[in-house]
Amino acid sequence: MMLGKVVGTVVTTISHRDYKNRRLLVVQPLVLEGEKPSAEDDFIALDNTQAGIGDTVLVNREGNGARQALKNPDACVISVIVGIVDSIYVES
Amino acid sequence: MLFGRVKGTAICTMKYQGTEGLKLLVVQPLNKKLEPIGILQVAADVVQAGVGDLCVMVRSREAALAMPDIKFVPIDLALVGIVDELEIRPDGKYDVTLRRGWSQFS
């Protein structure tokens, strides 16, 4: 799982049935102080937690975990937002 | 999952069993700013996208799961949605660095 910031929303009226009734959000992964975020790191994730733009989120980026989170054994989804982060502690 | 722009169609006469009837499209993977990432790729289409459409794509085993009937097919990139509206906040708007010690987000 990874930590990211929601930076955008995607609206798709025509989409696969596994994507219906859930929002697609654009997530930018968090990087440690001193590291630069890469322009190729961002990705799209399906929202399972009512997250919104600006939220720090926990994202599952693995298909089997995503299928369990969505309770659909055949879902064609890789990235699912599974939590909204309140606080993080990083050892100094 | 990532963005892709449809650039053309790919037609194959000989196809692996289970993939007959699937539409193949040439796509350019894009990042959130819609800048190209890497080279052109071929994706299977299940949403009837056309040339020029901005799409949501899914990779790996989940691409095969997006297929309508037979889900055990050699497909590793699929189009699963056509983007109508996209709202992306600019880069400096949110801080994406993780500071040492405690960070509060809410």
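Bear in mind the structure is a predicted one, so any value in this text is a computation, not a measurement.

Considering the overall build of chain A
Helix and strand content of chain A: one helix and eight strands. Here the C-alpha atoms of chain A give a radius of gyration of 14 Å, agreeing with the 12 Å that 2.2 N^0.38 yields for 92 residues. Overall, chain A is about 45 × 25 × 20 Å in size when its C-alpha atoms are taken along their principal axes. Here the analysis covers contacts within chain A between residues at least 6 apart in sequence; of these, 56% occur between residues at least 24 apart.

Focus on the pairing of strand β5 (residues 77–82) of chain B
Where burial is concerned, most of β5(B) is hidden: five out of the six residues are buried. Relative to β5(B), strand β2 (residues 14–15) of chain A runs antiparallel, the two sharing two bridges. When the sheet's bridge partners are listed, Ile14(A) is paired in β5(B) with Ile82(B). Two strands pair when backbone bridges link them, and strand β3 (residues 41–45) of chain B and β5(B) are joined in this way by two bridges, in the parallel orientation. Its bridge partner lying in β5(B), Asp45(B) is registered against Leu79(B). Relative to β5(B), strand β4 (residues 54–59) of chain B is paired through five bridges, and the arrangement is antiparallel. Pairing of Arg59(B) across the sheet is with Leu77(B), part of β5(B).

Here's the deal with the interface of chain B and chain A
Taken together, the contact between chain B and chain A spans 42 residues of the former and 42 residues of the latter. Tallied by class, residues from the side of chain B that touches chain A come to 22 nonpolar, eight polar and 12 charged.

Brief notes about the pairing of β4(B)
Where strand β1 (residues 2–10) of chain B meets β4(B), four bridges bridge the pair, whose relative direction is antiparallel. Within the sheet, the bridge partner assigned to Gly4(B) lies in β4(B) and is Cys55(B).

Comments concerning unusual backbone geometry
With phi around 65 degrees, Asn21(A) is a residue other than glycine that occupies positive phi space. Relative to the helices and strands, Asn21(A) is located in the loop between β2 and β3 (24–29). Although it is not a glycine, Gln48(B) sits at a positive phi angle of roughly 60 degrees. Here Gln48(B) is to be found in the loop between β3 and β4.

So, the environment of Val31(A)
With respect to the secondary-structure elements, Val31(A) resides in strand β4 (residues 31–32). Using a count of 15 C-beta atoms within 10 Å as the deciding quantity, one classes Val31(A) as partly exposed. C-alpha separation for the pair Val31(A) and Leu3(A), spaced 28 residues apart in sequence, amounts to 8.8 Å. Once you skip the residues sitting within four places of it in the chain, Val31(A) turns out to touch Pro37(A), Val96(B), Thr97(B) and Leu98(B).

Structural notes on the environment of Pro74(B)
All names here are of chain B. With respect to the secondary-structure elements, proline 74 resides in the loop between α1 (61–65) and β5. Look at proline 74 and you get exposed, because 11 C-beta atoms sit within 10 Å. Separated by 11 residues in the primary sequence, proline 74 and alanine 63 have C-alpha atoms spaced 9.2 Å apart.

So, the nonpolar core
In a soluble, globular protein the nonpolar side chains are often hidden away together inside. One finds Ile44(A), Ala45(A), Val56(B), Met57(B), Ala78(B) and Val80(B) to be the most contacted residues of the largest nonpolar core, which totals 47 residues. Once residues within four sequence positions are removed from consideration, Val56(B) is found in contact with Val10(A), Thr12(A), Leu24(A), Ile44(A), Met1(B), Phe3(B), Val80(B), Gly81(B) and Val83(B).

Reading the values: the criteria
- Residues numbered from 1 in each chain as written.
- Chains lettered and ligands numbered in written order.
- Predicted model: local features only at pLDDT ≥ 70, side-chain atom pairs only at ≥ 80, totals over all residues.
- Helix = DSSP H or I, 4+ residues; strand = E, 2+ residues; numbered from the N terminus.
- Rg over C-alpha atoms; globule rule 2.2 N^0.38 Å.
- Contact = placed C-beta atoms within 7 Å.
- Buried ≥ 20, exposed ≤ 12 C-beta atoms within 10 Å, placed from the backbone.
- Pairing = 2+ DSSP bridges.
- Nonpolar A, V, L, I, M, F, W, Y, C, P; charged D, E, K, R; others polar.
- Core = buried A, V, L, I, M, F, W, Y, C linked by C-beta atoms within 7 Å.

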